[in-house]
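# Examining the three-dimensional arrangement
Chain by chain, the residues:
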Amino acid sequence: MIGDRWGVTDGDIVRRYPCDDLVASPELRVWRGVRVDAPPEAVWPWVAQIRIAPYAYDWIDNLGRRSPPQLLGLPEPEVGEAFTTAGGRKLGRIVSVEPGRQLTASIMGGFMSYVLVPEAHDATRLLLKVVMRTGRLTAAGLSVGDLVMARRQLLNLKHLAERAAA
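An account of the accompanying structure is given in this report. From a predicted model like this one, the values you see are computed outputs, not experimental measurements.

Let's shift gears to the overall build of the chain. Each helix and strand counted, the chain has four helices and seven strands in total. In the chain, the succession of α and β elements from N to C terminus is β-α-β-α-α-β-β-β-β-β-α. Taken against the 2.2 N^0.38 rule, which gives 15 Å for 166 residues, the C-alpha radius of gyration of the chain at 15 Å falls within 12% of a compact globule. Along the first, second and third principal axes, the C-alpha set of the chain runs to 45 × 35 × 25 Å. Buried residues in the chain amount to 48% of all 166 residues. For the chain, restricting intrachain contacts to residue pairs at least 6 apart in sequence, the fraction spanning at least 24 positions comes to 65%. By element, 56% of the accessible surface of the chain is carried by carbon and sulfur atoms, the whole surface being about 8,300 Å². For the chain, the distance from the average position of its 21 positive side-chain charges to the average position of its 18 negative side-chain charges is 5 Å.

Structural data, given as structure tokens:
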């Protein structure tokens, strides 16, 4: 499918993600990934902070409100709480969390898992997989749209975590 992969390896594609257990036979399956030059403990707080802002293109999905450029000291995310806040509205639900390792949420009928994979030299692979049951044509459109937004989000989280770890 067009736009279904960005920044991922074959190993990232075949690994099991928590969202894989939540949708049987998804038409939409997309993978995103980025290498962060910071250890997982420096990356995780930024992933957890998605609860208060989307960290993608704020002018599109946050009604121009800027995602915070600093950590706000939030408590660990919990199953059942809102996944994110965009444009002042709470959206989605956290369905699974392992602090420091993965956050899985549902939003707009889909499920997504953010997974942190430690690498050598205090680096982290920040991976995102999205799955959804939908029509084939809709899946193609969502794949491209998600590519644009998720790419920006992961690059923003990378920059913020690297800056904080420096």
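The full count for this structure, using the stated rule, is two aromatic pairs. Ring centres 6.2 Å apart and planes at 85° place the aromatic pair Trp46 and Tyr55 in the edge-to-face group. With respect to class, Trp46 is no different from Tyr55; both count as buried.

Next up on the list: the pairing of strand S7 (residues 123-132). Burial analysis of S7 places ten of its ten residues in the buried class, the great majority of the element. Neither face of S7 is exposed, since Ala123, Arg125, Leu127, Lys129 and Val131 on one face and Thr124, Leu126, Leu128, Val130 and Met132 on the opposite face are all buried. Inspection of the sheet shows strand S2 (residues 28-36) paired to S7 by nine bridges, in the antiparallel sense. Its bridge partner lying in S7, Leu28 is registered against Met132. Sheet topology places strand S6 (residues 110-119) next to S7; ten bridges connect them, and they run antiparallel. Within the sheet, the bridge partner assigned to Val115 lies in S7 and is Leu127. The turn joining S6 and S7, which pair antiparallel and follow one another in sequence, is formed by three residues; a positive phi near 60° is taken by His121.

Moving on to helix H2 (residues 40-48). With seven of nine residues buried, H2 is to be regarded as a mostly interior element. Taken together, the buried positions of H2 are occupied by Pro40, Ala42, Val43, Trp44, Trp46, Val47 and Ala48.

Along the polypeptide, Arg51 turns up in the loop between H2 and helix H3 (58-61). Judged by its relative accessible area of 7%, Arg51 is buried. Among the polar contacts listed, one links the side chain of Arg51 to the backbone oxygen of Ala48, at a separation of 2.7 Å. Ignoring anything within four residues of it in the chain, the contact list for Arg51 reads Leu74, Pro75, Glu76, Pro77, Glu81, Ala82, Phe83, Thr84, Thr85 and Ile94.

Taken in spatial order, the seven strands of this open sheet run S1-S2-S7-S6-S5-S4-S3, and their pairing is mixed. Each of the sheet's edge strands pairs with one partner strand only, and the pair in question is strand S1 (5-6) and strand S3 (82-86). Strands S2, strand S4 (89-98), strand S5 (102-107), S6 and S7 of the sheet are contacted by H2, whose axis makes an angle of about 160° with S6.

Cut-off values and rules
Residues numbered from 1 in each chain as written. Predicted model: local features only at pLDDT ≥ 70, side-chain atom pairs only at ≥ 80, totals over all residues. Heavy atoms only, no water. Helix = DSSP H or I, 4+ residues; strand = E, 2+ residues; numbered from the N terminus. Rg over C-alpha atoms; globule rule 2.2 N^0.38 Å. Buried < 20%, exposed > 50% of the residue type's maximum accessible area, 1.4 Å probe, protein only. Contact = heavy atoms within 4.5 Å. Areas by Shrake-Rupley, 256 points an atom, 1.4 Å probe, with all protein chains shown as cover. Lys, Arg positive; Asp, Glu negative; His and termini not counted. Charge placed at Lys NZ, Arg CZ, Asp CG, Glu CD. Phe/Tyr/Trp six-rings, centres within 6.5 Å; stacked < 30°, edge-to-face > 60°. Pairing = 2+ DSSP bridges. Polar contact = N/O pair within 3.5 Å; in protein donor to acceptor, adjacent residues only side chain to side chain. Axes fitted to C-alpha atoms, helices over the stretch in contact; angles between N-to-C directions.

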